[in-house]
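# Structural characterization, general
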Amino acid sequence: MLQCSLSDCPLSEWLIQVTQQQNLFGFAEMPEWERAAQEDVQVAEVVFNLPLEKPYTYLIPEEFRGMLRAGQRVKASLGRGDRSVIGYCVGIRQKNPDDQRRLKPIAELIDREPLLDSRMLELTRWIGERYLCGWGQVLESVIPAGVRRRSGTRLIQSYILKPGITDRLETLKLSRQQNEIIQLLIRASGPVSATELCERAQCGPSPLTTLRKKGLIEAIRVRSEVEGGHTTDAIPESDLSLGEEQQAALTKILESVNSGQHSTLLLHGVTGSGKTEVYIRAIREVVSFGRQAIVLVPEISLTPQTIRRFRSRFPDVAVLHSHMSDSERHWQWQQIAEGRIQVVVGARSAVFAPAPHLGLIIIDEEHEPSFKQDSTPRYHAREVARYRCRQEQVPLILGSATPTLESWLRAQRKQDILISMPHRVAERPLPPVVIVDTRSDPRIARGSAIGRALFQAITKALQDRGQIILFLNLRGYSPTVWCRSCGTGVKCPNCDITLTWHRDRGSAICHSCDFETPPPERCPVCESQAIRYLGTGTQKLDEEVRLTFPNATSLRMDSDTMRRPGSHDEALEKFRSGEVQILLGTQMIAKGLDFPNVTLVGVIDADTMLRQPDMRASERTFQLIAQVAGRTGRGTRGGRVLVQTTCPEDPAVKFASKHDYVGFAQHELAERHEHFAPPFSSVTRVIFRGPVEQQVLQTAQAVADRLRALRKDHLKDIRILGAAPAPVTRLRNLWRFHLQICGKTQDLVREIWQKLEEDLTLPENIEMAVDVDPINSR
């Protein structure tokens, strides 16, 4: 047998080196200095804007040690192609000596300071876990683009002294202006802009150039402070006197504020009960301790009237909304982070405002669907606020006249504190609601949108010099372009949606993808010329109102007429001043408006909401009727509401006509419980989309089958529904199929989905979206 020693092998030297370094075979122990060097290696955990479950680990180069912190952005190579990608550092630690992986180094440090603190990082980590998306995807959504781009700032040419110059000053021969520049830099003890140096030394750029050539000063580029921000002042207003119910509600809230512990309070107050004044008094208590408050309102309710209410009571109010420029948003973000802002008022994303001294979060109109984001990360602001308040050990107030059934059930189970305000301020009665059955109405039969009873009520209100609000939740002139010959609706070529006729633009428009075409002369299916425009939108209603009541001034408010900046405020001011007698429009007139002279509200067609293929259709119908009814009867003149419907026996309509939220909630919760629907279960919807219908269907079916196989240990607690075509089967040229995971708890749903994700691969051209607790079933 051939024998040889290890030292005779040509690879012996290399093998001994490897085994010594890795200590695999025990040839030699690692020297102490080498082990200490390995233990001193720092690594960073980095996440990217990708649907990745776990962070990636990167080496921190020596030049970034002491500079890199969690919350900063970095640039690093990702994947086998080593493409350079921007990510977020979410943690720093010492490398485990036993970890022998070859790690890539961080290539570049982008931010000088962290964009988020440790608590906000923890909040975003929780959102990724709760809503089944990547941590990096959450961070990319939470930090505004203006903050990431440092909008409103610019790089300024500045100068600093070279090291050791002060010791050589007496030996240097400098002109008066050069010496003045050196003295300015000594006194500044930091970078000074070239402009400022030239102004204070009363010279041009030549002395700076000379000093730089002599090696006495160094040119650097420094980013300026954020510019261009401002807050609008409002005329200060004194406090309103509180009613008995308001005072009782405030007392309960302040108990929670002063307890130093977290609690969620559901403030259930009818429209006009004075919830806003209670919010303001609670905020004042928080602000008096040097803390900050965040107030979330639906974007549609973020009216100038709402903003003025807060700015007239607090000197430092920031308003965050979708129409801000990047530089404005960056400036507001910085002001909030520095603790200079007392109250942050904003839409859904304001829940992430970087308030360092948070003392309270309030969500007004908490039932609004707009608090749920419809793109990744698909979070609900209410649940994010609840987690953040729990982190900070501060109260969360949820206010609504028509709370979501989820919030109501939590209060009934004593998980949250219920505060009721069942009466309006000054003992004003809630307006009577009259349900008008339009199935046999002669005016409706002739094609009018305004039935006989509503026509008479408008005529009477105008005679009494009252104002009228007419609510119709359909844009355009006619919501359906229809062929009388074959009975087919003319659909968008890109979407499974009927086109809407906009008469003012002379076009049929898709409200999903904005496809626009001249009105079709022939049916695309049967070539017939019998094209008809069916139904009534706000444009057609506006035309009817002007023709029917020619002596009254009317104004339409919808997303088509309110595009110009300032148009919303201008329209409401005209209505407030009495210049306009009839205000008609979509949801934007249904919430947050307070006009004492409104004596009549008409709901043109309550059925538009009931017809939606959505589990929450009844709940939303009740909420919208109740909210729009709340726009009247707020003054001494009182008011009334007329609701036109072809479904007068529907429970949502009947309970809304009685202002009976509690009765509706009990009825609807019983229905949900019977069908194991939320809030008695947790639902996650998975939507698949792609250009080839059959491929999308097969992918969705394969995922559904895999989920059914994984649920074998929880047959009673988890149901898989689908795969099936989505209600809107084709959208923007992509076919859509979906499935639902319905579980007893959200933890069970998350567990089964994460098991699936471990080995889930999709075809290259198939997209997938995961929506936890969906509120949109399109």
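Residues numbered from 1 in each chain as written. Predicted model: local features only at pLDDT ≥ 70, side-chain atom pairs only at ≥ 80, totals over all residues. Heavy atoms only, no water.

## Quick look at the sheet that holds strand S30 (residues 767-772)
Quick note on the threshold: Two strands are said to pair when DSSP picks up at least two bridges between them. Think of it this way: any DSSP run of H or I at least four residues long counts as a helix, any run of E at least two long counts as a strand, and we number them from the N terminus. Between N-to-C directions, angles span 0 to 180 degrees; the directions come from axes that are lines fitted to C-alpha atoms, helices contributing only their stretch in contact.
Strand order in this open sheet of four strands is S28-S29-S27-S30, and the pairing throughout is antiparallel. Every interior strand has two partners, whereas the edge strands, strand S28 (718-731) and S30, have only one. Across the sheet, the axes of successive neighbouring strands diverge by a mean angle of 20 degrees, strand direction being ignored.

## Remarks on helix H22 (residues 661-674)
Using the following cut-off: The span you would expect from a helix comes to 1.5 Å times its residue count less one. Only protein chains enter the accessibility calculation, which uses a 1.4 Å probe; a residue whose area is less than 20% of its type maximum is buried, one above 50% is exposed, and one in between is partly exposed. We call two residues in contact whenever any of their non-hydrogen atoms come within 4.5 Å of each other. Between N or O atoms, a polar contact is any pair within 3.5 Å; within protein, one atom must be a potential hydrogen donor and the other a potential acceptor, and residues adjacent in sequence are included only when both atoms are from side chains.
A rise of 1.5 Å per residue sets the reference length of H22, with its 14 residues, at 20 Å; its end C-alpha atoms lie 20 Å apart and thus fit the reference within 8%. Of all the residues in H22, the buried ones are Tyr661, Gly663, Phe664, Ala665, Glu668, Leu669 and Arg672. On its buried side, H22 packs onto strand S9 (264-269), helix H14 (405-412), helix H20 (617-629) and helix H21 (651-657). Looking at where H22 begins, the residue whose side-chain oxygen comes 2.8 Å from the main-chain nitrogen of Gly663 is Asp660. Immediately downstream of H22, the backbone of Phe676 shows phi near 55 degrees, a positive value.

## So, the pairing of S28
Relative to strand S29 (residues 734-743), S28 is paired through eight bridges, and the arrangement is antiparallel. Bridging across to S29, Leu721 finds its partner in Gln740. Taking the residues between adjacent antiparallel strands as the criterion, S28 and S29 are bridged by two residues, where Arg732 takes a positive phi near 55 degrees.

## Some words on the environment of Ala385
On the secondary structure map, Ala385 appears in helix H13 (residues 381-392). In this structure, the C-alpha to C-alpha distance between Ala385 and Pro191, residues 194 residues apart in sequence, is 41 Å.

## Notes on empty space enclosed by the protein
Where we set the bar: Points on a 1 Å grid over protein atoms alone make up a cavity when a 1.4 Å probe fits among them but cannot get out, and a pocket when they form an open set with protein on both sides within 12 Å along at least five of seven lines; lining residues each have an atom within 4 Å of a point. Grid points are joined across faces, edges and corners, and a volume is the space filled by probe spheres set on the points. In this classification, the charged set is Asp, Glu, Lys and Arg, the nonpolar set is Ala, Val, Leu, Ile, Met, Phe, Trp, Tyr, Cys and Pro, and all remaining amino acids, among them Gly, are polar.
Per the stated rule, a full pass over the model turns up one cavity of 30 Å³ or more. The calculated volume of the largest cavity comes to roughly 30 Å³. Here the lining of the largest cavity takes four residues from helix H24 (residues 746-757), the largest share from any one element. The residue inventory of the lining of the largest cavity, partitioned by class, reads four nonpolar, one polar and three charged.

## Side note on the nonpolar core
Spelled out, the test is: Throughout this description, the term nonpolar core refers to a set of buried Ala, Val, Leu, Ile, Met, Phe, Trp, Tyr and Cys residues connected via side-chain atoms within 4.5 Å.
One finds Ile127, Phe352, Leu707, Ile741 and Trp753 to be the most contacted residues of the largest nonpolar core, which totals 112 residues. Of all the elements, helix H23 (residues 693-710) adds the most residues to this core, at seven residues. What Ile741 contacts, discounting residues up to four positions off in sequence, is Ser682, Val683, Thr684, Leu707, Ile718, Arg719, Ile720, Val749, Ile752 and Trp753. Counting residues in each nonpolar core, the second largest holds 31 residues, with Leu250, Leu254, Leu267 and Ile397 among its members.

## A short note on the packing of aromatic side chains
We apply this condition: To pair, rings of Phe, Tyr and Trp, with the six-membered ring standing in for Trp, must have centres within 6.5 Å; the planes then decide the type, stacked if under 30 degrees apart, edge-to-face if over 60, and tilted in the middle.
Enumeration according to the criterion identifies twelve aromatic pairs in this entry. Note on Phe352 and Tyr379: the rings are 5.2 Å apart at their centroids and 75 degrees apart in plane angle, and the pair reads as edge-to-face. In this pair, Phe352 sits in the loop between strand S12 (343-346) and strand S13 (358-364) while Tyr379 sits in the loop between S13 and H13, placing the two residues 27 residues apart along the sequence. The residues Phe352 and Tyr379 share a single accessibility class, namely buried. A ring pair is formed by Trp408 and Tyr661, whose centres lie 5.1 Å apart and whose planes are at 85 degrees; its orientation type is edge-to-face. Taken together, the positions of Trp408 in helix H14 and Tyr661 in helix H22 put the pair 253 residues apart, joining distant regions of the chain.

## Some details on the environment of Arg329
As for its placement among the helices and strands, Arg329 is situated in helix H12 (residues 326-337). Note on Arg329: relative accessible area 16%, which makes it buried. Leaving out residues up to four positions away in the same chain, Arg329 has contacts with Pro144, Leu320, His321, Ser322, Met324 and Ser349.

## Describing the confidence of the model for the protein
Rule in force here: Residue-level confidence of the predictor, termed pLDDT, takes values from 0 up to 100.
Looking at the protein, the pLDDT average stands at 88 and 93% of residues meet or exceed 70. In the predicted structure, residues 1-37 sits below a pLDDT of 50 and forms 17 contacts with residues beyond four places in sequence or in another chain.

## Comments concerning the sheet that holds strand S21 (residues 516-517)
As summarised here, the arrangement of the three strands in space is S19-S20-S21, forming an open sheet in which the pairing is antiparallel. Of all the strands in the sheet, just strand S19 (500-502) and S21 have a single pairing partner and so form its edges. By the bridge criterion, three bridges tie S19 to strand S20 (residues 507-509) in an arrangement that is antiparallel. Considered in S20, the bridge of Trp501 is made with Ala508.

## Side note on H24
The terminal C-alpha atoms of H24 lie 16 Å apart, and with twelve residues this matches the ideal 16 Å at 1.5 Å per residue to within 8%. Those residues of H24 not exposed but buried are Gln746, Leu748, Val749, Arg750, Ile752, Trp753 and Leu756. Buried positions along H24 lie against helix H3 (118-130), strand S27 (682-690), H23, S28, S29 and S30.

## Remarks on the pattern of salt bridges
Rules: We define a salt bridge as a side-chain nitrogen of Lys or Arg found within 4 Å of a carboxyl oxygen belonging to Asp or Glu.
Under the counting rule described, the total for this entry stands at 49 salt bridges. Notably, a salt bridge pairs Glu570 with Lys574, separated by 3.9 Å at the nearest N-O pair. In this pair, Glu570 and Lys574 are both assigned in helix H18 (residues 567-577), four residues apart and thus about one turn of the helix distant. When its relative accessible area of 36% is taken as the criterion, Glu570 is described as partly exposed. On the basis of relative accessible area, Lys574 is assigned to the partly exposed category, the value being 29%. The salt bridge partner of Arg576 is Glu573, with a shortest N-O separation of 2.7 Å. Separated by three residues within a single helix, Arg576 and Glu573 lie in helix H18, roughly one turn from each other. The exposure class assigned to Arg576 is partly exposed, which follows from its relative accessible area of 31%. One connected set of salt bridges, linked through shared partners, spans Glu366, Arg382, Glu383, Arg386, Arg410 and Asp416.

## A closer look at the pairing of strand S23 (residues 554-557)
What counts here: Whether a crossover is right-handed depends on one test, that the path from the first strand over the helix to the second runs clockwise when the strands point away from the viewer.
Residue alternation in S23 divides its side chains into two sets, Ser554 and Arg556 and Leu555 and Met557, and both sets are buried. Between the parallel elements S23 and strand S24 (residues 582-585), the chain passes through H18 in a crossover that is right-handed.

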